[in-house]
Amino acid sequence: MEKTVEKKESKGFFWKFIHGIEVVGNKLPHPFYLFSILIVVSLVLSVIFSGATTSYEKASSSGGEPEIVEVTIKNLINKETITNVTQNMYSIYYNFSPMMMMGLLLLSIGLAESVGLFGAFIKRFIGGAKPAMVFAVVAFIAINANTASNAGILGATAVSASVFAALGYNPWLGILLAYAAGNAGMSANVFVGNLDVLLSGINVSVCEALGLDTSTVHVLQHWYFLLVCAIVLTFVYTFVTIKFVRPYLGEAKDLSLVRAADDNSELTPVERKGLRNAGIAALIYLVVLVLITLPKNSFFRADDGSIVPNSPLIKSVLTLLFLFFLVTGATYGRTVGKIEKWNQLPALLATGINSMTTFMVIALPASLFIHLFNASNIPTYLGSVGGSWLKSTGIQGFGLFLLVALFSTFLNLFMTSGSSKWMILAPILIPMLYTLGYSPALATIIYRIGDSATNAVAPISSDVALIVGLLAKYNTDKSKEPGMGTVFAGCMPYAIATFAAELIILAIWWALKLPLGPGVSMLVG
């Protein structure tokens with residue numbers, strides 16, 4: 001297995017560019033203090049711009065009638081806001097979604113790591129695979145993990161860190177690759193996801209209000225395009241990882257800091273038996289899951305009997321992953337003797353949750369900042385005003401497509417919810433592009449390209465603090481301290497590559513006038 005990469009003797013412009021991002025980003029205060037400062041900034045901005053008002057037509061995500069909404073920037077320094085925060089601080093903090101999701105999954109992942117399941121699996125199945133193959137597999141899985149929304153992305157990221165450490169690669173590389181690829185899944189996916197349902201519902205709402213044809217507005221409206229993007233981005237991400245991110249991050253310095261020492265590259269007989277038993281446990285688990293899901297009236301199915309794109313099964317993916325690693329990890333550990341008594345299990349589970357302590361501290365100001373910033377209505381105000389400006393530019397053709405995509409990336413600085421942004425922009429962009437002969441599906445996919453490309457480097461994303469925490473957990477070089485700059489620098493090459501690659505794919509699609517999905521044209525009529 002290749003574990004080393006020759007260092008470049010001369011560092012080019014791009015290396016200096018991403019290094020500059022890391023240096024500047026890491027010179028920012030510790031994330032705990034940074035989010036604390038952003039809380040103060042939110043309060044100040046809410047006072048300065050208090051009373052600023054605009055209105056926009058807000059679409060419904062369920063296909064209902066749109067409504068005219070007046071949005072006013074709210075002064076946060078008032079009795080209502082202050083008492084709401086003081087009375088509900090515990091709820092704001094503990095309901096912070098990244099902490100809730102990752103805390104559960106890291107319990108069982110920590111168990112699987114501690115008993116050696118990941119290391120044994122790597123030795124048996126992919127230990128001899130070339131790096132390019134490993135990177136491609138991780139990228140493809142992470143891209144499609146977006147089907148399960150944010151939980152899928154964060155789950156793939158945590159697992160990738162463990163897999164890379166077991167393979168002898170820098171686990172930071174696995175974290176950043178999976179995190180960037182998962183966010184790119186917003187506009188590249190083999191499967192239909194929850195976002196497809198939300199966006200199609202919004203489009204139906206807008207089109208019906210305008211009297212436009214809705215026969216081509218459905219959850220598969222972008223499927224051909226997303227499928228091609230998922231395949232192309234897998235190769236693009238593999239190339240970017242090999243040529244840019246891996247050389248930039250360098251190799252792991254001391255893997256003993258993040259994994260148990262294991263100099264034996266061959267499986268012992270007891271490890272083989274452990275893998276076999278874990279495999280049997282995994283098979284039984286999956287068979288039971290399938291049998292439970294098969295009946296049309298299964299509680300894992302939606303009310304209409306469907307499984308995809310939106311059902312209790314999809315929404316339960318994090319819990320199901322937790323149970324999967326718990327079952328297989330406990331089976332392997334018991335077989336190889338790492339769990340001699342079942343009383344040892346709680347302590348082994350705790351090894352995973354212990355790594356959450358840093359993030360739990362950062363999550364306190366982060367959760368409060370996001371709560372207050374959204375409560376001020378500043379993000380919604382910016383989206384409404386910006387959308388109106390976009391409509392007034394008068395730019396047409398592919399230049400308009402580029403401008404819409406760039407504007408979508410800009411909004412990521414202030415709003416991280418893809419569906420919320422589209423609720424504001426859809427009533428503006430769909431009719432604007434429709435009058436130029438472009439279909440609602442084309443307007444939506446242009447927006448998705450800009451939105452997904454920069455999700456991983458969105459500074460106010462609630463996930464950034466979690467990724468910093470994972471980098472700290474899997475830090476093999478104690479002379480380095482990861483920060484937000486580390487995340488942005490590692491993800492920036494992927495963000496640039498995603499934006500460029502998908503625009504090129506869109507240009508080809510536009511030149512050939514290919515359908516975006518089954519029966520869905522890029523042009524009206």
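The rules behind each value
Residues numbered from 1 in each chain as written. Predicted model: local features only at pLDDT ≥ 70, side-chain atom pairs only at ≥ 80, totals over all residues. Heavy atoms only, no water. Helix = DSSP H or I, 4+ residues; strand = E, 2+ residues; numbered from the N terminus. Buried < 20%, exposed > 50% of the residue type's maximum accessible area, 1.4 Å probe, protein only. Contact = heavy atoms within 4.5 Å. Salt bridge = Lys/Arg side-chain N within 4 Å of Asp/Glu carboxyl O. Patch = residues over 30% accessible without salt bridge, like charges linked within 9 Å, V, L, I, M, F, W, Y side chains within 5 Å. Areas by Shrake-Rupley, 256 points an atom, 1.4 Å probe, with all protein chains shown as cover. Phe/Tyr/Trp six-rings, centres within 6.5 Å; stacked < 30°, edge-to-face > 60°. Core = buried A, V, L, I, M, F, W, Y, C linked by side-chain atoms within 4.5 Å. pLDDT = per-residue confidence, 0-100. Axes fitted to C-alpha atoms, helices over the stretch in contact; angles between N-to-C directions. Left-handed = near helix turned anticlockwise from the far one by under 90°. Nonpolar A, V, L, I, M, F, W, Y, C, P; charged D, E, K, R; others polar. Expected span 1.5 Å × (residues − 1). Arc of directions from axis to C-beta. Polar contact = N/O pair within 3.5 Å; in protein donor to acceptor, adjacent residues only side chain to side chain.

Visitor: What's the story with the overall build of the protein chain in this structure? I'm lost.
Guide: The helix and strand inventory of the protein chain stands at 21 helices and two strands. Scored against the burial criterion, the 525 residues of the protein chain give a buried share of 52%. Pairs at least 24 residues apart make up 80% of the contacts formed inside the protein chain by residues separated by at least 6 positions.

Visitor: Before we go on, may I ask you to explain the pattern of salt bridges in this structure?
Guide: If charged atoms from side chains of opposite charge come close, those side chains can pair. Summed over all chains, the structure comprises two salt bridges. Residue Lys 74 is joined to Glu 80 by a salt bridge in which the shortest nitrogen-to-oxygen separation is 3.9 Å.

Visitor: Just to check I follow, could you spell out a nonpolar patch on the surface for this structure?
Guide: Taken together, the side chains of Ile 280, Ile 284, Val 288, Ile 292 and Phe 299 present a nonpolar region at the surface, about 460 Å² in accessible area. What makes Ile 292 partly exposed here is its relative accessible area of 32%.

Visitor: Just to check I follow, could you spell out the packing of aromatic side chains for this structure?
Guide: The way to describe two aromatic rings as a pair is by their centre distance and the angle between their planes. Evaluated as defined, the whole model comprises 20 aromatic pairs. Residues Phe 239 and Phe 244 carry aromatic rings whose centres are separated by 6.3 Å and whose planes lie at 75 degrees to one another, so their mutual orientation is edge-to-face. Residue Phe 244 is classed as partly exposed on the basis of its relative accessible area, which comes to 30%. Seen from their ring centres, Phe 369 and Phe 373 are 5.5 Å apart, and the 20 degrees between their planes marks the pair as stacked. Here Phe 369 and its partner Phe 373 are both found in helix 15 (residues 357-375), four residues apart, which amounts to about one turn of the helix. Look at Phe 373 and you get buried, because its relative accessible area is 8%.

Visitor: Can you walk me through the environment of Ala 330 in this structure?
Guide: Within the secondary structure, Ala 330 sits in helix 13 (residues 317-336). Accessibility expressed as a relative area gives 9% for Ala 330, which makes it buried. Between the alpha carbons of Ala 330 and Ala 112 there is a distance of 7.5 Å; along the sequence they are 218 residues apart. For Ala 330, the residues in contact, after removing those within four places along its chain, are Leu 111, Phe 325, Ile 339 and Trp 342.

Visitor: Even after reading the chapter, I still don't get the nonpolar core, so can you show me in this structure?
Guide: Counting 100 residues, the largest nonpolar core has Phe 225, Tyr 237, Trp 422, Leu 442, Ile 446, Leu 506 and Leu 516 as the members making the most contacts within it. The element best represented in this core is helix 21 (residues 484-512), accounting for 16 residues. Residue contacts for Tyr 237: discarding those within four places in its chain leaves Ala 139, Leu 177, Ala 180, Ala 181, Ala 184, Tyr 494 and Thr 498. Judged by nonpolar contacts, the second largest core, of 21 residues, contains Leu 105, Leu 267, Ala 330 and Leu 345.

Visitor: Hey, could you run me through the confidence of the model for the protein chain in this one?
Guide: Low-pLDDT portions of the prediction should not be read for the details of their coordinates. When pLDDT is averaged along the protein chain, the result is 82; 86% of the residues meet or exceed 70. Scored below 50 in pLDDT, residues 1-9 makes 16 contacts in the model with residues more than four places away or belonging to other chains.

Visitor: Please clarify how the packing of helix 1 (residues 13-27) against helix 21 should be interpreted in this entry.
Guide: Axis angle and axis distance: for two packed helices, these are the angle between their axes and the distance between the axes, and together they describe the pair. Contact pair helix 1 / helix 21: the axes reach a minimum separation of 7 Å and the direction vectors enclose 145 degrees. Handedness of the crossing formed by helix 1 with helix 21: right-handed. Across the interface between the two elements, Phe 14, Phe 17, Ile 18, Ile 21, Glu 22, Gly 25 and Asn 26 from helix 1 touch Met 484, Gly 485, Thr 486, Phe 488, Ala 489, Met 492, Pro 493 and Ile 496 from helix 21. For the contact of helix 1 with helix 21, the per-class residue count stands at ten nonpolar, four polar and one charged.

Visitor: Teacher, can you tell me more about the side chain of Ser 439 here?
Guide: Tracing the sequence through the fold places Ser 439 in the loop between helix 18 (418-434) and helix 19 (440-453). Judged by its relative accessible area of 5%, Ser 439 falls in the buried class. Ignoring any residue separated from it by four or fewer positions in sequence, one finds Ser 439 in contact with Ser 521, Met 522, Leu 523 and Val 524.

Visitor: Quick question: what am I supposed to make of helix 2 (residues 31-48) here?
Guide: A turn of α-helix holds 3.6 residues, and therefore any two residues three or four places apart point the same way. With 18 residues, helix 2 ought to run about 26 Å at 1.5 Å a step, and its terminal C-alpha atoms sit 25 Å apart, in line with that. When we look at burial in helix 2, the residues that qualify are Pro 31, Leu 34, Phe 35, Ile 39, Ser 42 and Ser 46. In a view along the axis of helix 2, the buried residues occupy a sector of 150 degrees, so they form one face of it. Looking at helix 2, the residues exposed on the side facing more than 90 degrees away from the buried face are Tyr 33 and Ile 48.

Visitor: Which parts of the structure should I look at to understand the environment of Asn 475?
Guide: With respect to the helices, strands and loops of the structure, Asn 475 is situated in the loop between helix 20 (463-473) and helix 21. Accessibility expressed as a relative area gives 5% for Asn 475, which makes it buried. Expressed as a C-alpha distance, the spacing of Asn 475 and Pro 171, which sit 304 residues apart in the sequence, is 7.7 Å. Apart from residues no more than four positions distant in its own chain, Asn 475 is found in contact with Trp 172, Leu 257, Val 258, Lys 480 and Pro 482. Here Lys 480 takes part through its backbone oxygen, which lies 2.7 Å from a polar atom of the side chain of Asn 475.

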